[in-house]
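Residue strings, one per chain:
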Amino acid sequence: MNLRTLRAFVEVVRQGGFSQAAEVVALTQSTVSKAVKTLEDELGIPLLNRLGHKNELTAAGEIAYRRALVMLAERTDLMAEINDLRGLKRGVLFAAMFATYRSRYPGIDIELTEYGSKRLRECLEAGEVDLAALLLPVDEDFDYQPVRNEPLIAVLPVSHPLARRKRIDFTDLADSPFILFEAGFALNAKILSACERKGVTPKVTARSGQIDFIVDLVTAGLGVAFLPRMLAHKHQHPGIALIPLDEPHTDWHIALAWRASAHLPPAARAWLDLAREPSYSSEQGGDLRKVSEDA
């Protein structure tokens, strides 16, 4: 059994067929079909009921699908940690802003890095980056410009007993396994602090730095997750229910931060100006503010 075989199987289920899965994994349809057959032979049991052009998971297939998602998520997180050791990872932070910035200032080179909030703060302190997107509040050593304020959304599998609720809180979800981001993401602290205020001790069943896999794990019924509204709606599909989280002090309030003592180069100030434009900011006014004013 190898991860490529598992990936082919997962995509057949996710895409609803062999030909669609072949396009996603960049293989021929016959190769994908052979991969699924190999997996079935290794496990000694059929995973799919092939009904014409339709494929349905068998009971064993349901188990294999859930386990495969976890294994693939672990592989993704492993590669992310290895990339951390090799150096900063190039990411797609604020992709629309990036495209606009490049069109306006084609002569400026930008290096985007993607980390959890803790590592990004360390990069700022060390002067390795000019700006970082961090959740508020931030340390007193930083100045910041608010960019976006989004409420959290609970992401539940549609089979969850509470999937039809209009709103939900952590007390309601006390018996449900939680799927959180990996260590170092500030959103985890907000979630766990809010649980503590409610006297809830969540059982964390999985962690990942990849939103796609978090949503896949929820879809497979492994637990519930929590995402900022704009990210939750971006990943919405029929297998999940999105329910507003009725919990105070859990908003995803993100800002662009920089060292208070640092001289920002013109390129960084141009990025801040772009972030204040209505197309990219949900904040009213968008003035630069010192952390101490909100402390």
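Not measured: the values here are computed from a predicted model. (Residues numbered from 1 in each chain as written. Predicted model: local features only at pLDDT ≥ 70, side-chain atom pairs only at ≥ 80, totals over all residues. Heavy atoms only, no water.)

### Some points on the packing of helix H1 (residues 3–15) against helix H2 (residues 18–25)
Then comes step 1: It is the contact of H1 with H2, at a shortest axis distance of 8 Å, that shows an interaxial angle of 125°. With respect to their mutual orientation, H1 and H2 come out oblique. Our pair here, H1 against H2, has a crossing hand that is right-handed. Each of Arg 7, Ala 8, Glu 11, Val 12 and Gln 15 in H1 lies in contact with H2, whose residues at this interface are Phe 18, Gln 20, Ala 21, Val 24 and Val 25.
Then comes step 2: Taken together, the residues that form the contact of H1 with H2 break down as 6 nonpolar, 2 polar and 2 charged. (Axes fitted to C-alpha atoms, helices over the stretch in contact; angles between N-to-C directions. Helix = DSSP H or I, 4+ residues; strand = E, 2+ residues; numbered from the N terminus. Parallel < 35°, antiparallel > 145°, perpendicular 65-115°, else oblique. Left-handed = near helix turned anticlockwise from the far one by under 90°. Contact = heavy atoms within 4.5 Å. Nonpolar A, V, L, I, M, F, W, Y, C, P; charged D, E, K, R; others polar.)

### Here's the deal with the pairing of strand E2 (residues 54–57)
Then comes step 1: As judged from the 4 bridges shared by strand E1 (residues 48–51) and E2, these two strands associate in the antiparallel manner. Bridge pairing in E2 places Arg 50 opposite Asn 55.
Then comes step 2: Taking the residues that link successive antiparallel strands as the turn, the E1-E2 hairpin has 2 residues, and the phi of Gly 52 there is positive, at about 65°. (Pairing = 2+ DSSP bridges.)

### Some thoughts on the nonpolar core
Then comes step 1: In this structure, Leu 173, Phe 178, Ile 191 and Phe 226 are the most contacted members of the largest nonpolar core, which totals 76 residues.
Then comes step 2: For this core, the leading source of residues is helix H4 (residues 59–86), giving 7 residues.
Then comes step 3: Among residues more than four places away in sequence, those in contact with Leu 173 are Ala 154, Leu 156, His 160, Leu 162, Ile 168, Phe 178, Val 224 and Phe 226.
Then comes step 4: Grouped together as the second largest cluster of nonpolar side chains are 13 residues, Leu 120, Ala 132, Leu 136 and Tyr 144 included. (Core = buried A, V, L, I, M, F, W, Y, C linked by side-chain atoms within 4.5 Å. Buried < 20%, exposed > 50% of the residue type's maximum accessible area, 1.4 Å probe, protein only.)

### What about the pattern of salt bridges?
Then comes step 1: Under the defined criterion, the tally for this structure stands at 12 salt bridges.
Then comes step 2: A salt bridge links Glu 11 to Arg 14, with the nearest nitrogen and oxygen atoms 2.6 Å apart. On the criterion of helical spacing, the pair formed by Glu 11 and Arg 14 is a turn pair, its members being 3 residues apart in helix H1.
Then comes step 3: Given the relative accessible area of 33%, Arg 14 is considered partly exposed. (Salt bridge = Lys/Arg side-chain N within 4 Å of Asp/Glu carboxyl O.)

### Observations concerning unusual backbone geometry
Then comes step 1: For the bond running from Leu 136 to Pro 137, omega is 0°, close enough to zero to count as cis.
Then comes step 2: With respect to the element layout, Pro 137 can be found in the loop between strand E3 (132–135) and strand E4 (142–150).
Then comes step 3: Residues other than glycine seldom take positive phi values, yet Ala 26 does so here, at roughly 60°.
Then comes step 4: Counting through the fold element by element, Ala 26 comes out in the loop between H2 and helix H3 (29–43).
Then comes step 5: Here the phi dihedral of His 249 falls at roughly 60°; this positive angle occurs in a residue that is not glycine.
Then comes step 6: With respect to the helices and strands, His 249 occurs in the loop between strand E9 (240–244) and strand E10 (252–259).
Then comes step 7: By relative accessible area, which is 66% here, His 249 ends up exposed.

### Some remarks on H1
Then comes step 1: The end-to-end C-alpha separation of H1 is 18 Å, in line with the 18 Å expected for 13 residues at 1.5 Å each.
Then comes step 2: Where H1 is concerned, the buried positions are Thr 5, Leu 6, Ala 8, Phe 9, Val 10, Glu 11 and Val 12.
Then comes step 3: By the N-cap criterion, in which a side-chain oxygen at the helix start approaches the backbone nitrogen of a residue two or three places on, H1 is capped by Asn 2, the distance to Arg 4 being 3.0 Å.
Then comes step 4: Following H1 by one or two positions, Gly 16 adopts a phi angle in the positive range, close to 90°. (Expected span 1.5 Å × (residues − 1). Polar contact = N/O pair within 3.5 Å; in protein donor to acceptor, adjacent residues only side chain to side chain.)

### A short note on the sheet that holds strand E5 (residues 152–157)
Then comes step 1: The strand order across the open sheet formed by 3 strands is E8-E5-E9, and the pairing between neighbours is antiparallel. Both edges of this open sheet fall to strand E8 (225–228) and E9, since each of them pairs with a single strand only. Shown here is a sheet whose adjacent strand axes are inclined to one another by a mean of 35°, direction ignored.
Then comes step 2: Alignment of E5 against E9, held across 5 bridges, turns out to be antiparallel. Its bridge partner lying in E9, Pro 157 is registered against Ile 240.
Then comes step 3: In the packing of helix H8 (residues 211–219) onto the sheet, contacts are made with E5, E8 and E9, and the angle to E8 comes to roughly 140°.

### Thoughts on the packing of aromatic side chains
Then comes step 1: Scanning the model with the defined rule gives 6 aromatic pairs in all.
Then comes step 2: Between Tyr 101 and Tyr 105, the aromatic rings sit 4.8 Å apart at their centres with planes inclined by 50°, giving tilted as the arrangement.
Then comes step 3: With relative accessibility at 1%, the residue Tyr 101 sits in the buried group.
Then comes step 4: By relative accessible area, Tyr 105 is classed as partly exposed at 32%.
Then comes step 5: Note on Tyr 101 and Trp 271: the rings are 5.2 Å apart at their centroids and 55° apart in plane angle, and the pair reads as tilted. Of this pair, Tyr 101 sits in helix H5 (residues 95–104) while Trp 271 sits in helix H10 (residues 266–275); the two residues are 170 residues apart in sequence, bridging distant segments of the chain.
Then comes step 6: Taking the relative accessible area as the measure of exposure, Trp 271 reaches 9% and is therefore buried.
Then comes step 7: A connected cluster of aromatic rings, assembled from ring pairs, spans Tyr 101, Tyr 105 and Trp 271. (Phe/Tyr/Trp six-rings, centres within 6.5 Å; stacked < 30°, edge-to-face > 60°.)

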